[in-house]
Amino acid sequence: MLCAEGDPDPYSRTEEEIAHAEFRLEYSETSGRYEIASFGIDRRKVPVEITGALWRTIRVHETTRMAIELALPFWTHPITMLRAIKSNPHNEIDFYADELPDDDGLLLAALVYRIGQISDEKPAMAVAETLGLKQRTATNWIQRARAAGYMDRVDHEKDLRRIAKTIEPKVAPRQLTPEEVADVIAKHKEARRKARETDGDRRSV
């Protein structure tokens, strides 16, 4: 979210008071993923100038990955939510991928790998984070899923929907207390600060 610098309450802004990213993605048969065909920033009513310095703060790929995730079939939502929950060390969830039947675990790994692939992420890392596996174990699951043909076939939607249904109640959000909401906002702000610092370190290398 891009607002005016020093805005005391950016989350209270209207749509016109927040700058918007406008982009177009195109699926490439050659690369097997969505590629960014165009990307622009419209400042709308935000009193900031779109400069080179500002552009260097825009997380282009992260923004487009979020759009791809939102465009996925709705039934995949519990699976993408699973990764967000598993990736946060403060969250506890009663789901362990190695408790799934063997074929179900491999099907899930194949789907998560493909989502990571089309989103231009590191798909093996996406599998490890979503399923809560060590990287070596995730790589093994990916190899087994590929050997079983799950990476190349698209006729397993019925089974994947069933798997997603078993995950759904485990990732369903519960009503947070006011204290928990404040804690979530504080952690979100801290994560954004660290992300900005990390981006700065990468650009200085």
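Per-chain numbering applies: the sequence of each chain, read as written, is numbered from 1 onward. Restriction of local features to residues with pLDDT of at least 70 applies here, the model being predicted, together with a cutoff of 80 or more for giving and counting side-chain atom pairs; totals for whole chains, interfaces and linings are based on all residues. Based on all heavy atoms of the structure, the side-chain values leave hydrogens and waters out of the count.

Colleague: Tell me about the packing of aromatic side chains, residues and numbers included.
Modeller: Aromatic contacts are taken between Phe, Tyr and Trp rings whose centres are within 6.5 Å, Trp giving its six-membered ring; a plane angle under 30 degrees counts as stacked, one over 60 as edge-to-face, and the others as tilted. Tallying each qualifying case throughout the model produces 3 aromatic pairs. Consider the rings of Tyr27 and Tyr34, whose centres lie 5.3 Å apart with planes at 70°: the pair is edge-to-face. A residue is classified by how much of its surface remains accessible, and Tyr27, at 35% relative accessible area, is partly exposed. On the basis of relative accessible area, Tyr34 is assigned to the partly exposed category, the value being 34%. Seen from their ring centres, Phe39 and Trp55 are 5.9 Å apart, and the 65° between their planes marks the pair as edge-to-face. A residue pair is termed long-range when its members are at least 10 positions apart, and Phe39 in strand 2 (residues 33–42) and Trp55 in helix 1 (residues 52–55) qualify at 16 residues. By relative accessible area, which is 31% here, Trp55 ends up partly exposed. These aromatic residues form a ring-pair network of at least three members: Phe23, Phe39 and Trp55. Think of it in three bands: residues with accessible area under 20% of the maximum for their type are buried, residues over 50% are exposed, and the middle band is partly exposed, with areas taken using a 1.4 Å probe on protein chains only. Counting from the N terminus, the helices are DSSP H or I runs at least four residues long and the strands are E runs at least two residues long.

Colleague: A description of the nonpolar core should follow, citing residues and the corresponding values.
Modeller: The biggest cluster of nonpolar side chains holds 36 residues, and the ones touching the most others in it are Phe95, Leu108, Val127, Leu131 and Ile167. Of all the secondary-structure elements, those providing two or more residues to this core are helix 3 (77–86), helix 4 (102–118), helix 5 (123–131), helix 6 (135–147) and helix 7 (157–171). Excluding residues that lie within four positions of it along the chain, Leu131 makes contacts with Ala97, Gly105, Leu108, Ala109, Val112 and Trp141. For this analysis, a nonpolar core means a set of buried residues of the types Ala, Val, Leu, Ile, Met, Phe, Trp, Tyr and Cys, connected via side-chain atoms within 4.5 Å. Counting 6 residues, the second largest nonpolar core, distinct from the first, contains Ile41, Val46, Val48 and Ile58. Whether two residues touch is decided by their heavy atoms; if any such pair falls within 4.5 Å, the residues are in contact.

Colleague: Account for the environment of Gly40, naming residues and giving values.
Modeller: The residue Gly40 is located in strand 2 in this model. Considering only alpha carbons, one finds Gly40 and Phe23, 17 residues apart in sequence, at a separation of 6.1 Å. Setting aside its immediate chain neighbours within four residues, Gly40 contacts His20, Ala21, Glu22 and Trp55.

Colleague: Now, about the confidence of the model for the protein chain: what can you tell me, with residues and values included?
Modeller: The predicted model of the protein chain has a mean per-residue pLDDT of 81, with 80% of residues at 70 or higher. You can read pLDDT as the predictor saying how much it trusts each residue, on a scale of 0 to 100. Least confident of the elements in the protein chain is helix 8 (residues 178–204), whose mean pLDDT is 67; most confident is helix 6, at 95.

Colleague: Just give me the short version of unusual backbone geometry, but keep the residues and values in it.
Modeller: Positive phi is not limited to glycine here, since Arg44 has a value of about 50°. Position of Arg44 relative to the elements: it lies in the loop between strand 2 and helix 1. With relative accessibility at 30%, the residue Arg44 sits in the partly exposed group.

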